[in-house]
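Coordinate inspection notes
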Amino acid sequence: MNRVKTGIKGLDTLVEGGFPKGRSVLVSGGCGTGKTILSMQYIYSGAKDFGEPGVYVTLDERPDLLREDCLRFGWDLAKLEDKNLMQIIDGSIAKLGIPSEEEFSLPVTGFDIDKLLLETMRIIKRIGAKRVVIDSIPALGFNFKDENEVRKAILKLSYMLMRSGVTSIMTSEVAEGDQRYGKYGVEEYVVDGVIVLHYMGVGTQSNRTLHVRKMRATNHSEDLHPLKIGKKGIEISKIEDEYNDV
Ligand SMILES: Nc1ncnc2c1ncn2[C@@H]1O[C@H](COP(=O)(O)OP(=O)(O)OP(=O)(O)O)[C@@H](O)[C@H]1O
Ligand SMILES: [Mg+2]
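The next thing to look at is the overall build of the protein. Broken down by element type, the protein carries eight helices and eleven strands. Its C-alpha atoms give the protein a radius of gyration of 17 Å, near enough to 18 Å, the size a compact globule of 246 residues would have. Each principal axis of the C-alpha atoms in the protein carries an extent, and together these give about 55 × 40 × 40 Å.

Laid out in structure tokens, this is it:
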């Protein structure tokens with residue numbers, strides 16, 4: 001099994017060296033748990049450290065704000081975009097019927113999954129992308145009245161990503177304590193891996209944790225691992241390391 005290094009410090013060793021190549025992983029967690037930062041780090045590091053072009057489909061946040069926030073971690077996305085090492089597809093305001101000023105975006109008239117898929121496939125081919133992020137799945141469901149339609153869309157999306165050979169991350173919001181990992185009850189089954197991020201609130205030293213819930217074809221860690229958002233992005237540590245710090 002070929003592995004794709006995530007570029008997230010401390011994560012690869014938990015999953016036998018990286019994500020299974022050509023598969024998709026769901027990153028699930030409550031609001032502010034670090035799903036977007038982790039996904040962007042996967043794309044940024046893929047492009048910068050491993051020379052693997054990536055496509056970031058943003059359905060929640062505006063690309064200009066993402067670029068700005070990422071500078072805080074020293075990640076200059078625009079520089080990589082100029083070199084076609086990464087591209088951001090803006091689906092964030094198409095949902096609302098407002099035109100985007102981005103180079104790659106969706107038509108304003110009727111946000112639909114097929115247009116999003118076509119645009120994503122086009123950019124994957126154009127830059128020879130090896131990595132893709134869809135942030136987030138619940139935002140895809142925004143314009144659907146029927147949850148079955150959303151489920152169909154998610155299946156279609158994961159099939160298309162698999163066909164294109166990329167290794168992908170999809171994100172999903174779930175409330176802390178929710179037994180499900182996706183909002184529509186299908187996400188966790190169509191993906192090959194599920195990573196859950198938790199935020200325990202205040203009062204403890206390691207209030208953020210990461211847990212590999214499943215990773216097909218992988219002998220993965222089953223522990224809750226402390227997660228830190230530092231100056232260079234996300235870092236995962238082993239529980240022993242955390243004790244050694246004290
Ligand atoms: N520069 C930084 N240094 C330390 N922590 C940060 C920094 N920037 C953001 N954070 C933390 O990360 C959180 C945001 O992370 P992120 O946007 O990845 O979460 P998310 O899971 O995608 O949330 P949402 O569900 O709202 O999309 C912030 O609420 C803050 O706690
Ligand atoms: Mg987010």
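With that settled, consider the pairing of strand S7 (residues 167-173). Of all seven residues in S7, six are buried, a share of seventy percent or more. Across six bridges, the pairing between strand S3 (residues 24-29) and S7 is parallel. Looking across to S7, one finds that Gly-29 is bridged to Glu-173.

Spatially, nine strands are ordered S5-S4-S6-S7-S3-S8-S9-S10-S11 in an open sheet, and the strand pairing comes out mixed. At either end of the open sheet lies a strand with only one pairing partner, and these are strand S5 (86-90) and strand S11 (233-236). Strand after strand, the sheet turns through a mean of 20 degrees between neighbouring axes, direction not considered. In the packing of helix H4 (residues 113-127) onto the sheet, contacts are made with strand S4 (54-58), S5 and strand S6 (131-135), and the angle to S5 comes to roughly 165 degrees.

Residue placement: Gly-34 occurs in the loop between S3 and helix H1 (35-50). Along the sequence, Gly-34 and Lys-228 sit 194 residues apart, while their C-alpha atoms lie 9.5 Å from each other. The residues touching Gly-34, leaving out its near neighbours within four places in the chain, are Leu-197, Arg-208, Leu-227, Ile-229 and Ile-234.

Turning our eyes to something else, we now look at the site of ligand 1. Looking at ligand 1, the residues that line it are Gly-29, Cys-31, Gly-32, Thr-33, Gly-34, Lys-35, Thr-36, Ile-37, Asp-60, Arg-72, Glu-173 and Ile-229. Here the element with the most residues in the shell around ligand 1 is H1; it accounts for three residues. Among the residues making up the shell around ligand 1, the classes are represented as three nonpolar, five polar and four charged.

This paragraph deals with the pairing of S11. Both strand S10 (residues 224-230) and S11 contribute to a ladder of four bridges, which runs antiparallel. Residue pairing for S11: Ile-229 is matched across the bridge by Ile-234. Count of turn residues in the S10/S11 antiparallel hairpin: two residues.

Glancing now at the nonpolar core. General note: in soluble globular proteins, nonpolar side chains tend to be found buried as a group. Counting 61 residues, the largest nonpolar core has Ile-43, Val-55, Tyr-56, Val-132 and Val-133 as its most contacted members. A per-element tally of this core places H1 first, with seven residues. Setting aside residues up to four positions removed in sequence, Ile-43 forms contacts with Gly-54, Tyr-56, Met-86, Arg-131 and Val-133.

Time to look at the environment of Gly-97. By secondary structure assignment, the location of Gly-97 is in the loop between S5 and H4. Once the C-alpha coordinates of Gly-97 and Ile-234 are considered, the two residues, 137 residues apart in sequence, prove to be 34 Å apart.

Take unusual backbone geometry next. With an omega of 10 degrees, the peptide bond running from Asp-135 to Ser-136 counts as cis. Looking at the element boundaries, Ser-136 is found in the loop between S6 and helix H5 (137-140). One non-glycine residue, Glu-16, adopts positive backbone phi at about 55 degrees. On the basis of neighbour count, Glu-16 is assigned to the partly exposed category, with 16 C-beta atoms found within 10 Å.

Moving on to H4. Two residues of an α-helix separated by three or four positions point the same way, owing to the 3.6 residues in each turn. In this model, H4 (15 residues) spans 21 Å end to end at C-alpha, consistent with the 21 Å of a helix rising 1.5 Å per residue. For H4, the full list of buried residues reads Ile-113, Leu-116, Glu-119, Thr-120, Ile-123 and Ile-124. With its buried residues spanning 135 degrees around the axis, H4 presents them on a single face. Pointing more than 90 degrees away from the buried face of H4 are the exposed residues Asp-114, Arg-122 and Lys-125. For H4, the elements touching its buried residues are S4, S5, S6, H5 and helix H6 (147-163). Gly-128 sits one or two positions beyond H4 and adopts a positive phi of about 65 degrees.

What counts, and where the lines are drawn
- Residues numbered from 1 in each chain as written.
- Chains lettered and ligands numbered in written order.
- Predicted model: local features only at pLDDT ≥ 70, side-chain atom pairs only at ≥ 80, totals over all residues.
- Helix = DSSP H or I, 4+ residues; strand = E, 2+ residues; numbered from the N terminus.
- Rg over C-alpha atoms; globule rule 2.2 N^0.38 Å.
- Buried ≥ 20, exposed ≤ 12 C-beta atoms within 10 Å, placed from the backbone.
- Pairing = 2+ DSSP bridges.
- Axes fitted to C-alpha atoms, helices over the stretch in contact; angles between N-to-C directions.
- Contact = placed C-beta atoms within 7 Å.
- Near = placed C-beta within 6 Å.
- Nonpolar A, V, L, I, M, F, W, Y, C, P; charged D, E, K, R; others polar.
- Core = buried A, V, L, I, M, F, W, Y, C linked by C-beta atoms within 7 Å.
- Expected span 1.5 Å × (residues − 1).
- Arc of directions from axis to C-beta.

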